[in-house]
Each structure stands twice: as structure tokens, then as C-alpha cells.
Amino acid sequence: MSLAKRIIPCLDVKNGRVVKGVQFVDIRDAGDPVEVARRYDREGADEITFLDITASSDDRETIVHVVEKVAEQVFIPLTVGGGIREVKDVRRMLNAGADKVAINTAAVFNPEFVKEASERVGSQCIVVAIDAKKVSTEGEKNRWEIFTHGGRKPTGIDAIEWAIKMADFGAGEILLTSMDRDGTKIGFDLELTAAISDAVNVPVIASGGVGNLDHLVDGVTKGKADAVLAASIFHFAEYSVEQAKRHMASKGIEVRL
Amino acid sequence: MAQIVVIDYGMGNLRSVAKAVEHVAPDQSVIISSDASEIANADRVVFPGQGAARDCMRELEDRELTQVVLNSAKEKPFLGICMGMQILLNHSEENEGIECLGLYAGNVRFFGNDLKGEQNEKLKIPHMGWNNVDQTIDHPLWQNIKNHSRFYFVHSYYMDPEDKSLVAATCDYGINFVSAIAKDNVFAVQCHPEKSAQDGLQLLKNFTLWNGD
């Protein structure tokens, strides 16, 4: 018996509603975030992640209220990402009841922010979200670059080097999303996940591409992920979190049941 | 109405702790406070904490709460959580060595960067996630919680008290470390009961019903 691999349902929240896009477009409504979070908690989710994809910063208060409401009823760790740019954003989310914040674009433009934030609130609260896309061509050695703005803007930064740097700067965890796989339901980019997981000493959450329960298993066994994140397979009730855990357990993976 | 104070020294997820305690003790008053007299007058005290040992100690001193925390730990039901457990010892290895509250003798140690599991696999730091808590004593706070239940942990340092009779639970992560201690009216845990779903809520409920004996 030892540390369990975690299953983390992810809620993309826009203007206070759960939505799910396919490769960041084609948004579908998936419900009230508080209700969805409560369902996942009942089903045995190990954590819940909210990504606020609200476009306008004027509407950011909405996610704060969502987090406050969820934190009053759901007693498992909550991570919030999207629009976290300054230490005051970090504090606001933690004060609302989040346990961790995910920093993405702001880390790319200002890596020192990750250092500052982790020194102020502790590494355990700081997740660096990395959106990576394969840039090597067939036959070349694998290479992934990080992208910002929901996968639209390339940065020229190597994903593995970036993950190592972010861990050095105080990230307590890496949330790794394959932009090639996100929304495709063909499984995680396992090579990318294993490469990052081997490169850093902090936990890695695999994200992007889950379409069935075997994909979750592969994320842990082949991708060496410490946690697996999925959205649409849970939102549209294709599978429950509990089913996912039982399936993983049947394949010899330690989970919390 | 009995009053439970969650000590606010600027470190950690106070709101989560307070909400979880409120949830299990609707008939008691739960407040978050950094006021020494409020803490002194509380019936029960929860001492949470997150972040670095150096910052926790500095914030306690800046708010002049060191003495009231130590007094509370001698007088009334007292629950330490995470850093609120670690800094009860007299020393931490964190931040190149920090003198802590010194309620008990012992050291807070780093897991190390080359921690290995049973199959020699690399173990990540922080120790983050749900792990089995192995109860080593009977205690009112373990009531209705099955032995080896999983609780949520997130930490890179662990407590190593000199007096092993303090140990109330252990946990395995590369090494076997102390995950809870108990002495008189003090109970303290490395995990986060406020984030550990039903078993965590049960532990908090047990605390709100405990008179410290």
C-alpha cells in the first residue's frame, strides 16, 4: 500500500458554467459547476480542477464565487487556473477556498512570477500548467514546444527544459496538456508525458485526449503520470469517476476506492 | 455555545479548514482569529499551517501569537494540521534550519531528492496525494475511521519526534514516517483532514466532540 494515483476531473468554466470544447473551440454546455463538482466528489474524485476560460477579466469574479460555493460543500483539494497573473490573484483564489492555483501564460511571460508566488504561498499551492505541442517531424527526435493562449501561440520554448525550469522555480506540480490530443479522445501523448515525468522530481498530471478508461491506465503505466486529468468522459456521464478508479485498480494501479 | 478557533497567522487554507469544521459541528461556533484573547478564550483550537517553516514562525512572532499557541497546546483540545504539526517540534531542517515552537523535542526532516519506492521507482517530492494512514494507538480522534484509511497529504518534510510514545499514526512514502502524534490534549496530523473527504471530516468531527482526555 502506498500513495494512490489520482484521478482529477477537470471543469472548464466560462461565465460561471461548465463547458467543454474540442481543441479549445466548439464549446458545449455541461452544467452548473457546483453541481458537477458535488457529483464528482460523491463518485470519489481525488481532486477537482477548475480552468476559468472566461475571456474578459471583468468576469473573473464569477469564478471566485464558484470556488467559494464549491469549497463550502466539497472537502477534497481544489485547483483553479485561468487568468492567474499576479500574487494577488493567487491569494484571492486561495482565500476563496482553492488549495492550489495553476499558472500558465503568466509563467511564460514572467517566469519569476512562479518563484515569487511559490515563495509567498508555498510550492504546494503552485501548479504550473504547460500546454505542449509536438514540433518535430516524422523520423526526427521527439521535440515539443510550449504554446500559450489556449494553444494558439507558439513560444519557441522546449517543453522538457521548461518543465525542469518551472520545478526549479518552485512549481509544486506540473499540469501537462498535449495540445495535439486535447479534445480528440485518442489518448494522452504518452511519450511527452513520460519525458516530462522522468525529467522532473515533482508530480506530473497528464491531460489532453482521454476518450476511454484504458487511456487513464496508459497515462500512469506508460506515461508515468502521478495523476490523470479528464473532462468530457466524466461530464457527459460516459463513465463515472468510480468506474474509472475500479478499472484502474483492476489493472493493478493503486487508487483510492 | 462552545467556540472553536482556527488560528490565523496568515499561513494556509484557513477558510477550507473553518468550512470543514463548521460542516461537522453545526452546533458550535467556528471563528478564524489572530486575536490572542479570542484564542485564549476558545474551547478548542485548530492550528493549521502551510508554506515554509521560516515564514510560519515569523508570522506567529509578528502577530505575537507564539505564547498563546503554546498555552493552548497545554490547556485545551488542540488540533495541529500539516505545518501546524511540524512546528510543534523544536527544530526544522527547512530553510537551512529553523527554531520552532519546541513543545516537543525532535526534528522536521526533508524527504530527500532521491527517494525510492518498493520497486525502486522514483518517488516525487512533494509527497502529494492520498496515502494510507496506519493508526498506531487507540485514540478518540480515530473513532469511526478504519485503520489504513487514505488521507490527503502534501508536504516535502516530515516530523521526527524524539519521544516515540507521541506517535499516533505512521505512513509509508519511501520511508515510514510519523503521520500523527497525540499527547494529553494535543492531537496533530501531517495530512489535511479538511481535504480528505469523509474520513477527514470524521476526524474533524471527532475533534469537535473531544474534551482532551
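Numbering of residues starts from 1 in every chain and runs along the sequence as written. Numbering of ligands from 1 and lettering of chains from A proceed in the order in which they are written. Residues qualify for local features only when their pLDDT is at least 70, as the model is predicted, and side-chain atom pairs are given and counted only at 80 or more; totals for whole chains, interfaces and linings, by contrast, use all residues. Side-chain descriptors were evaluated using all non-hydrogen atoms of the structure, hydrogens and water having been removed beforehand.

Residue-level account of the pairing of strand β9 (residues 153-158) of chain A, with values.
Residues and elements named next belong to chain A. In this analysis, strands are considered paired if DSSP registers two or more bridges between them. Under the scheme used here, helices are H or I runs from DSSP no shorter than 4 residues and strands are E runs no shorter than 2 residues, and both carry numbers assigned from the N terminus. With three bridges joining them, strand β8 (residues 144-148) and β9 adopt antiparallel strand pairing. Across the sheet, residue F147 finds its bridge partner in β9, namely P154. Turn length for the β8-β9 hairpin, with the two strands adjacent in sequence and antiparallel, is four residues, and the turn residue H149 shows positive phi of about 55°.

I'd love a proper account of the environment of A107 of chain A, names of residues and values included.
All names here are of chain A. Considering the arrangement of structural elements, one finds A107 in helix α4 (residues 105-109). We call a residue buried when its accessible area falls under 20% of the maximum for its residue type, exposed when it is over 50%, and partly exposed in between, using a 1.4 Å probe and counting protein chains only. Accessibility expressed as a relative area gives 0% for A107, which makes it buried. Separated by 87 residues in the primary sequence, A107 and A194 have C-alpha atoms spaced 22 Å apart. Among residues more than four places away in sequence, those in contact with A107 are V114, W162 and M166. Contact between two residues is taken to exist if any of their heavy atoms lie within 4.5 Å; hydrogens are not considered.

An account of the interface of chain B and chain A is requested, with residue identities and associated values reported.
The figure often quoted for interface size is the accessible area lost as the parts come together. Taken together, the contact between chain B and chain A spans 30 residues of the former and 38 residues of the latter. As used here, buried area is the combined drop in accessible area, with a 1.4 Å probe, of two parts when they are placed together. When chain B packs against chain A, close to 2800 Å² is buried across both sides, 51% of that on carbon and sulfur atoms. Looking only at chain B, the three residues that lose the most surface to chain A are K124, M128 and W130 of chain B, adding up to 25% of its buried area. What counts as a salt bridge is simple: a side-chain nitrogen of Lys or Arg found within 4 Å of a carboxyl oxygen of Asp or Glu. If you look at where chain B meets chain A, you find five salt bridges. In this structure, the salt-bridge partner of R15 of chain B is E72 of chain A, at a minimum N-O distance of 3.3 Å. Pairs of N or O atoms are called polar contacts if they sit within 3.5 Å, as long as, within protein, a hydrogen donor faces a hydrogen acceptor (for residues adjacent in sequence, only side-chain-to-side-chain pairs). Taken together, the links from chain B to chain A amount to 20 residue pairs in polar contact (both at pLDDT 80 or more). Elements with a contribution of two residues or more to the side of chain B that touches chain A: α1 (14-24), β8 (127-132), β10 (150-155) and α6 (197-209) of chain B. Note that Gly is not counted as nonpolar here; it falls among the polar residues with everything else outside the nonpolar set of Ala, Val, Leu, Ile, Met, Phe, Trp, Tyr, Cys and Pro and the charged set of Asp, Glu, Lys and Arg. Looking at side-chain class alone, the side of chain B that touches chain A contains 11 nonpolar, 11 polar and eight charged residues.

Describe the packing of helix α1 (residues 33-43) of chain A against helix α2 (residues 61-73) of chain A, with residues and values.
For any two helices packed against each other, one specifies the inter-axial angle together with the distance between the axes. Residues and elements named next belong to chain A. Note on method: axes are straight lines fitted to C-alpha atoms, helices fitted across the in-contact stretch only, with angles between N-to-C directions ranging 0 to 180 degrees. Interaxial distance between α1 and α2 falls to 9 Å at its minimum, and their mutual angle equals 30°. Looking at the two axes, α1 sits roughly parallel to α2. α2 is crossed by α1, and the crossing has right-handed handedness. Across from P33, V34, A37, R38 and D41 in α1, the residues of α2 making contact are V66, K69, V70 and Q73. Geometric relationships in this document are graded by angle, where less than 35 degrees denotes roughly parallel, more than 145 denotes roughly antiparallel, 65 to 115 denotes roughly perpendicular, and other angles denote oblique. Less than a right angle of anticlockwise turn of the near helix away from the far helix marks a crossing as left-handed, whereas a clockwise turn marks it as right-handed.

So what's going on with the side chain of N185 of chain B? Which residues, and what values?
All names here are of chain B. Structurally, N185 can be placed in the loop between β13 (175-183) and β14 (186-189). For N185, the side chain forms a polar contact with the main-chain oxygen of A73, separated by 3.1 Å. There is a polar contact of 2.7 Å between the side chain of N185 and the backbone oxygen of K76. Excluding anything up to four places from it in sequence, N185 contacts S72, A73, K74, E75, K76, P77, F78, W210 and G212.

Any functional reading would require information beyond the geometric quantities listed.
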